[in-house]
Amino acid sequence: MAKVKVQQGWLSGALLETVTGEGTYNSFKGIPYAQPPLGKLRFKAPLPPLPWEGTRSALEHGPKCIQQSVFTGAIEHGSEDCLYLNVYSPDIKPIRQLPVMVFIHGGGYKSGSGDDDNYGPDFLMPHGVVLVTFNYRLDALGFLCLDTEDVPGNAGMKDQVAALKWVKDNIAAFGGDPDNVTVFGESAGGASTCLHMISPLSKGLFSKAISMSGVPMNDWSIAFKPQKRAFMLGRELGLDTNDPNELLEYLQSLPVEKLVGTNPVILSFEEYNNNPFKFFHFTPVVEKNFGKEHFLTEDPLEALKSKRVHDVDALIGHTSEESALGIAFFEQGILKQFGRYPELLVPRKILTTSTPEKILEISDRIHEYFFKRQPIDEKLMKEFAYYVSQACFVYDVHRFIDRLPKVGTGRRYLYKFSCVSGRNVYSMAGLKYGIRAAAHLDDLMYLLHAKAHNLKLEKNTKEYELVNLVCTVFTNFAKFGNPTPDPSLGTIWPEYTTSTKAYVDIEDTLVQKTEPEAESLAFWKTIFEYAGLEF
């Protein structure tokens, strides 16, 4: 049994063996990093954690945040008291402090947790890093915005900051180096990671960032009229008011179950747009500036333009066919909706700023480019998957890295993840349509051990080699700010610049390439220009 002392008190954890049998690690689960956000604290920024008496057992995960599953639509009964983190360390008394990797889970800011059913530490532990995973408030509980001083929005993002602060203050007790912290996240966790690169609250809490398959400009990450949405939520739940204080009191008085999985749409087309690739109701917002501490008070694009970003190294990328994750959703009806309502093809950021005439014209152009004017149905599943990957993930990833200014010594690296093996559980449904690629989430199957999928990892297999390659790339970056500090992986990864556009494709080996997605990006640029928006 392992024991450590953090600022709040003593913890006792467990010494566990990795699933591959490559050594042991210390596991500390369910550590509170903030006060339970209950009662009058609901929807508000988190408060620092309280101390405890005696030794607290850290053998079990804390409760998950109550949520509606993005995959099944089922309400998962977690708790409102869910601000807990987990620390895994290969050595709590190392000769030299170990690099720290803090993982932010995805799930559309609406579902997910840091638990080891999906995000276990086993593959990373032999690489000599400390891993931290955590929960943050989701859905309306984490992202309600009333535009008031009390509830300006982004409570879930402030939870993430509180977790990073806790790491800064306590990680040395687990053998981690508080001055060498890498934040990494996937999907909404990737977009969150990018926001931490901009937020004044996150400054100084990390020195490296890895954004996987998500940036703040992705359609699904963008908030539209968040205060109006909050009032619509009140109406949906039984209170029609224009007074934010009355609304707050009312929403704080409701049983927590009522606040999960709601549908406060404010424009009719949002009903059809309501799928995991295009739209979530409650996401990070640009807060009204009340002169107090705030997470974000300017549009991320403005922050990038004005070079208001932290001096950190960044590794940014996406998988080879993100949307292969969604084949079942496409079959169940999304495909039909896109065939029926032409405006769905148009990015949300254009839909909310253009005239109906322009929207239909843009829709025709997109239809022509991706589907050659053929009707959108299952015969075009492969083309549709490509369209969704590009429209809902890829072009925005490039818009972000192309704008990410160099401040200080921060290095920039771009990757595409193309590994295909038996570990690609999320793209399996695409095989029958000839889609053999890495889907959204498939990359995490090579980095973090997902107990829920019950996949064996045996030595001397291709899968084992790929896991080792991917973990080496990511932990190299965490250790050195460079995915290939020497040629041992067969290449020296070039830094990304807007002139060279050099990147590395993570396949069975690392393959250097340039001009990623050039044709598709050129197309989207013409669409944005036609809509009068900056690409």
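Please read these numbers as outputs of a predicted model, since none were measured by experiment.

Criteria and cut-off values
Residues numbered from 1 in each chain as written. Predicted model: local features only at pLDDT ≥ 70, side-chain atom pairs only at ≥ 80, totals over all residues. Heavy atoms only, no water. Helix = DSSP H or I, 4+ residues; strand = E, 2+ residues; numbered from the N terminus. Rg over C-alpha atoms; globule rule 2.2 N^0.38 Å. Buried < 20%, exposed > 50% of the residue type's maximum accessible area, 1.4 Å probe, protein only. Areas by Shrake-Rupley, 256 points an atom, 1.4 Å probe, with all protein chains shown as cover. Lys, Arg positive; Asp, Glu negative; His and termini not counted. Charge placed at Lys NZ, Arg CZ, Asp CG, Glu CD. Polar contact = N/O pair within 3.5 Å; in protein donor to acceptor, adjacent residues only side chain to side chain. Contact = heavy atoms within 4.5 Å. Disulfide = S-S within 2.5 Å. 1 Å grid on protein atoms, 1.4 Å probe; cavity = no way out; pocket = protein on both sides within 12 Å on 5 of 7 lines; lining within 4 Å. Points joined across faces, edges and corners; volume = space filled by probe spheres on them. Nonpolar A, V, L, I, M, F, W, Y, C, P; charged D, E, K, R; others polar. UniProt positions renumbered as here; feature names shortened; annotations may be inferred. Salt bridge = Lys/Arg side-chain N within 4 Å of Asp/Glu carboxyl O. Axes fitted to C-alpha atoms, helices over the stretch in contact; angles between N-to-C directions. Parallel < 35°, antiparallel > 145°, perpendicular 65-115°, else oblique.

**Q** Is there a simple way to think about the overall build of the protein chain in this case?
**A** Across its full length, the protein chain carries 13 helices and 15 strands. Against the 2.2 N^0.38 benchmark of 24 Å for 535 residues, the protein chain shows a C-alpha radius of gyration of 22 Å, consistent with a compact globule. Out of the 535 residues in the protein chain, the part that is buried amounts to 61%. About 20300 Å² of surface is accessible on the protein chain, with carbon and sulfur atoms providing 51% of the total. Charged side chains in the protein chain number 55 positive and 65 negative. The centres of these two groups are separated by 2 Å.

**Q** Would you mind showing me how to read the side chain of arginine 399 here?
**A** Inspection of the secondary structure puts arginine 399 in helix 11 (residues 381-403). Separated by 2.9 Å, the side chains of arginine 399 and aspartate 396 make a polar contact. Beyond its immediate sequence surroundings of up to four residues, arginine 399 is in contact with Met217, Leu301, Lys349, Phe528, Glu534 and Phe535.

**Q** Would you take a moment to explain the state of the cysteines for this structure?
**A** In this structure the tally under the stated criterion is one disulfide. Sulfur-sulfur distance for the disulfide between cysteine 65 and cysteine 82 comes to 2.1 Å. As the torsion about the S-S bond is roughly 85°, the cysteine 65-cysteine 82 disulfide counts as right-handed. Of the two residues, cysteine 65 is situated in the loop between strand 4 (55-57) and strand 5 (67-68) and cysteine 82 in the loop between strand 6 (75-76) and strand 7 (84-89); the sequence distance between them amounts to 17 residues. Here the two residues cysteine 65 and cysteine 82 agree in accessibility, since each one is buried. No disulfide involves cysteine 145; its nearest neighbouring cysteine sulfur is the one of cysteine 65, lying 20 Å away.

**Q** What is the right way to look at the environment of alanine 324 in this model?
**A** With respect to the helices, strands and loops of the structure, alanine 324 is situated in the loop between strand 12 (313-319) and helix 8 (327-340). Alanine 324 sits in the buried class, given a relative accessible area of 0%.

**Q** For this particular structure, what's the right way to read the layout of surface pockets?
**A** Rolling a probe over the atoms, with the probe sized like a water molecule, indicates the empty space that remains. Each pocket or cavity is described by its volume, and for the largest pocket that value is around 810 Å³. Contributing to the lining of the largest pocket are 28 residues, with Ile222, Ala223, Val286, Asp299 and Pro300 lying nearest its centre. Counting residues per element, the ones that place at least two in the lining of the largest pocket are helix 7 (300-305), helix 9 (348-351) and helix 11. By residue number, the principal contributor to the lining of the largest pocket is helix 7, which donates four residues. The residue makeup of the lining of the largest pocket, split by class, is 15 nonpolar, three polar and 10 charged.

**Q** Can you help me understand the UniProt feature "domain: Carboxylesterase type B" (unreviewed entry) in the protein chain in this one?
**A** UniProt's feature table lists "domain: Carboxylesterase type B" (unreviewed entry) at residues 3-524, given in the numbering used throughout. With 28% helix and 16% strand, residues 3-524 has its two end C-alpha atoms placed 54 Å apart.

**Q** Would you mind going over the pattern of salt bridges with me for this structure?
**A** Oppositely charged side chains can form a pair if their charged atoms are brought close together. As enumerated under the stated definition, the model contains 31 salt bridges in all. Residues lysine 29 and aspartate 116 are paired through a salt bridge, measuring 3.0 Å at the closest nitrogen-oxygen approach. Placement of lysine 29 in strand 3 (residues 24-32) and of aspartate 116 in the loop between strand 8 (98-104) and strand 9 (130-134) is noted, with a sequence separation of 87 residues between them. Put simply, lysine 168 and aspartate 179 hold a salt bridge, and the shortest N to O gap is 3.2 Å. Of this pair, lysine 168 sits in helix 2 (residues 155-170) while aspartate 179 is found in strand 10 (residues 176-186), placing the two residues 11 residues apart along the sequence. For aspartate 179, a relative accessible area of 59% puts it in the exposed group. Taken together, the shared-partner salt bridges in this structure form one network comprising Asp219, Lys278, Lys349, Asp396 and Arg399.

**Q** Would you explain the packing of helix 8 against helix 11 in this entry?
**A** Each packed pair of helices is defined by two parameters, the angle between the axes and the distance between the axes. Packing of helix 8 against helix 11 brings their axes to within 12 Å, and their N-to-C directions diverge by 90°. Overall, the two elements helix 8 and helix 11 adopt an arrangement that is roughly perpendicular. Seen from helix 8, the contacting residues are Ile327, Phe330, Glu331, Ile334, Leu335 and Phe338; seen from helix 11, they are Met381, Phe384, Ala385, Tyr387 and Val388. Grouping the constituent residues of the contact of helix 8 with helix 11 by class yields 10 nonpolar, no polar and one charged.

**Q** Help me understand unusual backbone geometry in this model?
**A** Note: most residues except glycine have negative phi, and most peptide bonds are trans. A positive phi is found at aspartate 147, a non-glycine position, where the angle reads about 60°. Inspection of the secondary structure assignment puts aspartate 147 in the loop between helix 1 (139-143) and helix 2. The phi angle at serine 187 is positive, at roughly 60°, despite the residue not being glycine. For serine 187, the position within the fold is in the loop between strand 10 and helix 3 (188-196).

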